[in-house]
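An overview of the molecular structure
Here is what each chain is made of, one letter per residue.
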Amino acid sequence: MADITTQTLIPETSSRSATVWRVIKRYPVFSLTVLVLFLVIPAVFAPLVAPYDPFAGSLGARLVPPFWQEGGSMEHILGTDKLGRDMLSRVIYGARVSITVSLIAIVIGGTIGTLLGVISGYFGGRTDSVVMRLVDISLSLPTILLALVLSAALGPSFTTVLIVISVLLWARYARLVRGETLAIKERDFVARARVAGASHLRIMLVYILPNTFNSLVVLATLQVGYVILLESTLSFLGAGLPRAEPAWGLMVADGRELIVSAWWVSMFPGFAILVTVMSLNLLGDWLRDHYDPKLKNL
Amino acid sequence: MKLKLKLGSVSAGLLAMVATVGLSTVPETAWAERLVFVSAGFDESNRVWDVSKPDHVQYDPYLETLLEVNEDGSYGPRLATEWDHSEDFKTWTFKLRKGVQFHNGWGEFTAQDVVHSRDLLVREDSIATLGDTWRLVESIDTPDDYTLVVSFKSPVTRRLAEYSFARSGDLKIVSKAQWDAEGEDGFDMPAGTGSYQFAERSLGLNILYKAVDDHWSGVTPGFDELEIRLAKEPATRLAMLLSGEAQIGDLPRELHQDAADRGLKRISSTMSVDWVSAYFGGMYLEGDPARDENVPWTDIRVRQALNMSINREELLGVVFAGRGTMAMISNWTSASEGWDPAWQDFHDENYRYDPEAAKALLKEAGYGPGDIKMEIWAYTSPGESEHPAIADAMGIYFNAIGVDTDVQMLDWPRVRASYRGKEANCCMWPNVISWRPAIQGVRNWYYSKSASNHFNHPDVDPLYEEWIETLDTDRREAIANEIATILIENFAEIPLFWFRNEVFANGDVIDSWTYPGLGAGRTTHYDNIKSVN
Amino acid sequence: MSVIVFGLARISGNPLDVMLPIEAMPEDFLRLEKHLGLDKPLVTQYFIFIGNALQGDFGESLKYGGMSAMELVAQRAPATLELAGLALLISVIIALPIGVLAAVAKDTGWDMAAKVMALLGQSLPGFWLGIVLMWVFAVMLGWLPTSGRGGIEHMILPAITIGWFQVAAIMRLVRSSMLDVLDSEYVKLARVKGIREWKVIWKHCLRNAGITPLTYFAIVVGGLLTGSVVTETVFSWPGIGLLVIDAIQARDFPVVQAVVIIFAGVFIMCNLAVDILYAYLDPRIRYR
């Protein structure tokens, strides 16, 4: 609906600027550019782009300020952290870590959630009640606390963080997919397939699942930002990724005492988080507005 | 029109908030008579048997001990005026001070209060640090109200006795009369004999103490009220100091330079209190099933190599801003039994910073670059936040000599459970520990029958067992010396530095604070805090 | 659920490793294990836990001797509730008008500004915001105290820190449901009848639009409670969040179990309350 209104308001002058404007409004150019710059390129090309090894510190060059401050130099454009590791390189590699954690967690949580959601919505009855009960329980458990307890039990590690985040994510997917499944399974083409003798599995995989795809993508995009923030909060509380990893959240948490004196240790990764999450949210919003207005309230 | 309305309502709301903020700014005159010390935290409880020594900081203002620890580490009279021992050192007799009054009108301090206080420490649920010493007591006689005769099951040397009964020990004197009348509930408003008295506690927030007018020592504290405030976040503590909400605070060492740069005054303990060393996991006696000869550092050359890979001067400057002295071995200072300045020479030669020599040693032991993979465990505790920085730095040094190091962030219970459970073969960890007498240190960390020891050597156990039986001072010194020498020559650990305890204060309010440190604890003698006025 | 909570708490470690001093010998560990009942098999401990819990007794705190877990939670709860309440109030006061504004002035600069604000809110880590707010307002400007609990001036910064994230969420919800309602027949009818625009918006739309955000109230409450954990740590606010973090670090099972179960219980109750409220407010049901 939004598009119709705006399009009728734009004067139909057949000039190039109008076309350009239309293109810009159609695609989330801004957020995509930012994302590519800040997330995709650094993550994929990190070893080529980053000037230093993010793990190599030099105790003689600790807490060097960024180049525009007194004491800084072009050797370390964004300064160094407590152990003399180059901030620019760590922020660049941090993109890689953030994407990896988010993607894996979302894939795991999303897969489990989707499968359970489809099964629950399709079969209904007892299965449905059981799964929805699990979803309710999962959503009512205090997330951060669970993460802390798990971390205290298993020790902080990549795996622990992934487990924790996946456990937190799956319920949303399950609920969403279940809702969609309920709607889709009443549709004609599903009834026809059933009459034609297709097995349950086939119906679920071929007919129902692909139709939930749009919503899944929207949800996933919106959740990447959430996962990145969650990782940083877990690191603040001591339940995050292993120390040496150049993860943005870990860097912000680590540098928080120095927020006033060596502000760059916290600020640059913090800024990276801010920009990335913002663009992801913008992208997610756009996707939702254009593909699936039903999800407005997520 | 509607837009203006929306705008109006929003700005009205914001204005209201700002007004509330402005109107409720607290005037700061209230702080003048109250001293606020902001601390990283401790185990909060008034029940003295439920709290172990480092956390006795919360009792120091209002509970006293029989003996005092002086500025130079020597012991002096406090609630006891004289003390002496029997020939066989099994009986210690104390003459107690007369006319000392408990707070809140709970009567005069007598020998019965000491008996009662000790009884509390040997309760079934007691976690008192010196519990073993207090359980060694066979009986306590009180021939009269001001005389105490303590009989131990085995001899207790002067060092150990004085250490235990002084401010450095955990026998804090509480009132028997209060216990008889109120039982355990009395600890909600405990009476002591100190120059401050307990006023109020809010769990998770603070403890309030009020100065006592006519203390037996004649000394009145410089401030009418003392508040120990808790704040876990170091950034918060620094913010409190800078905004004037707290006048003294303890800060992690990485913020020390910052604090000093911003005009806060550094106040140091008179003597060193803590040391930091890094410990090897898996160093059990040969024959212990948990011992694995494949662990690289069971080879003495590897231990030496790791020691030589660390640039201690640089590390001290980096993590502690240079404010410490080199440690040659854990726990021993010149105040300890068996101290030998000659260790310095061995240390200079064999623990020096020499990465090339370190690599050569590794090669000799059969390990090339990348052959050794290990973990360093890091964790933080209140008041000890430097472990991660040390662990990180060690990782860098070890990587530089070809040892693949991974730094893992855990927490103290996990680290301790691992090495207590003998599951630490993979790893090393740094630890900041407070000074205690040498014999106790050996028992804790080198005697193979203790719960959480770090390093075992076949000669240490028999020497220790002889040590606890011997009364001859010379022989004791010799044993202590021998054990320490074994540890140093066998590179039992990676000793790093000794520090004093340092807190930061608002120089406009606080003039000075003299407190000894060493065994007495990290911060003590709150009545010694002198205000500028 | 109780199994999960119990199981997780127990596998996190042994509280004695936190409580006992380094001096403790193996005998001391045995003595205290016996005293605390930790030497019994796990299953037995579980049943003891359940049995007591059903009577409202979550055991004695291991860290704060002499206090029962429930007592501790009850003591610290008001602090967190205060903070959560103020946070909710602040976020609603800010989010509601802006959400309405954004919906009404859709696609204009105001909408953009609101979107940006919402985005900012959901993209900043809470602890970072808290520390920055503390430094700006308490240290540099000196307007507010840095930490601790006291009068309302102590509550403002932590409440803003918790509430900030919620402003974005609430604003979005209000905006989208307002958009829905603004287009409905009911509103068009009212406009045709000549009712003044602002009356249309406030009286008619908001009441209906308010329903959807309400259903997410429970999630918002959940967000507030979890936000309190981080914020209370930064601002040294002695509430349940700080209590539970300390308890986890100290392996104080009884307290951890008590807090987790209570959090979950509150969440479930909020859901229930919202369901009831929804049934009450939904005009379709009311005007039947």
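Residues numbered from 1 in each chain as written. Chains lettered and ligands numbered in written order. Predicted model: local features only at pLDDT ≥ 70, side-chain atom pairs only at ≥ 80, totals over all residues.

**Overview of the overall build of chain A**
- In terms of helices and strands, chain A carries 11 helices and zero strands.
- Reading chain A from its N terminus to its C terminus gives the helix and strand order α-α-α-α-α-α-α-α-α-α-α.
- When contacts within chain A are restricted to residue pairs at least 6 apart in sequence, long-range pairs at least 24 apart make up 69% of them. (Helix = DSSP H or I, 4+ residues; strand = E, 2+ residues; numbered from the N terminus. Contact = placed C-beta atoms within 7 Å.)

**What to know about the overall build of chain C**
- Helices and strands together make up the secondary structure of chain C, namely 15 helices and zero strands.
- The buried share among the 288 residues of chain C stands at 53%.
- By sequence separation, contacts in chain C at least 24 residues apart represent 72% of the contacts at least 6 residues apart. (Buried ≥ 20, exposed ≤ 12 C-beta atoms within 10 Å, placed from the backbone.)

**Details of the packing of helix H4 (residues 87–123) of chain A against helix H7 (residues 158–184) of chain A**
Residues and elements named next belong to chain A.
- Two numbers describe how H4 lies on H7: the axes approach to 6 Å, and their chain directions differ by 35°. Seen from above, H4 lies across H7 with right-handed handedness.
- For the contact of H4 with H7, a count of residues per class yields 20 nonpolar, nine polar and three charged. (Axes fitted to C-alpha atoms, helices over the stretch in contact; angles between N-to-C directions. Left-handed = near helix turned anticlockwise from the far one by under 90°. Nonpolar A, V, L, I, M, F, W, Y, C, P; charged D, E, K, R; others polar.)

**Thoughts on the nonpolar core**
- Grouped together as the largest cluster of nonpolar side chains are 335 residues, with contacts concentrated most on A:Leu148, B:Ala393, C:Val244, C:Val256 and C:Val259.
- No other element matches the 18 residues that helix H8 (residues 152–182) of chain C contributes to this core.
- Discounting residues that sit within four places of it in the chain, B:Ala393 has contacts with A:Leu59, A:Leu83, B:Leu315, B:Val318 and B:Val319. (Core = buried A, V, L, I, M, F, W, Y, C linked by C-beta atoms within 7 Å.)

**Structural notes on the interface of chain A and chain B**
- The partner chain B presents 20 residues to the 16 residues of chain A that form the contact.
- Across the side of chain A that touches chain B, the residue classes break down as seven nonpolar, four polar and five charged.

**Re the interface of chain B and chain C**
- Across the contact, 54 residues belong to chain B and 60 residues belong to chain C.
- Elements with a minimum of two residues in the side of chain B that touches chain C: helix H1 (2–23), helix H3 (131–135), strand S10 (225–230), helix H6 (234–243), helix H13 (412–420) and helix H14 (438–445) of chain B.
- Split by residue class, the side of chain B that touches chain C holds 18 nonpolar, 17 polar and 19 charged.

**Notes on the packing of helix H9 (residues 312–320) of chain B against helix H12 (residues 387–400) of chain B**
Residues and elements named next belong to chain B.
- Between H9 and H12, the shortest axis-to-axis distance is 10 Å and the interhelical angle comes to 145°. Relative to H12, H9 is oriented so that their crossing is right-handed. Listed contacts from H12 to Leu315, Val318 and Val319 of H9 are Ala389, Ile390 and Ala393.

Limitation: the analysis is restricted to geometry and does not speak to function.
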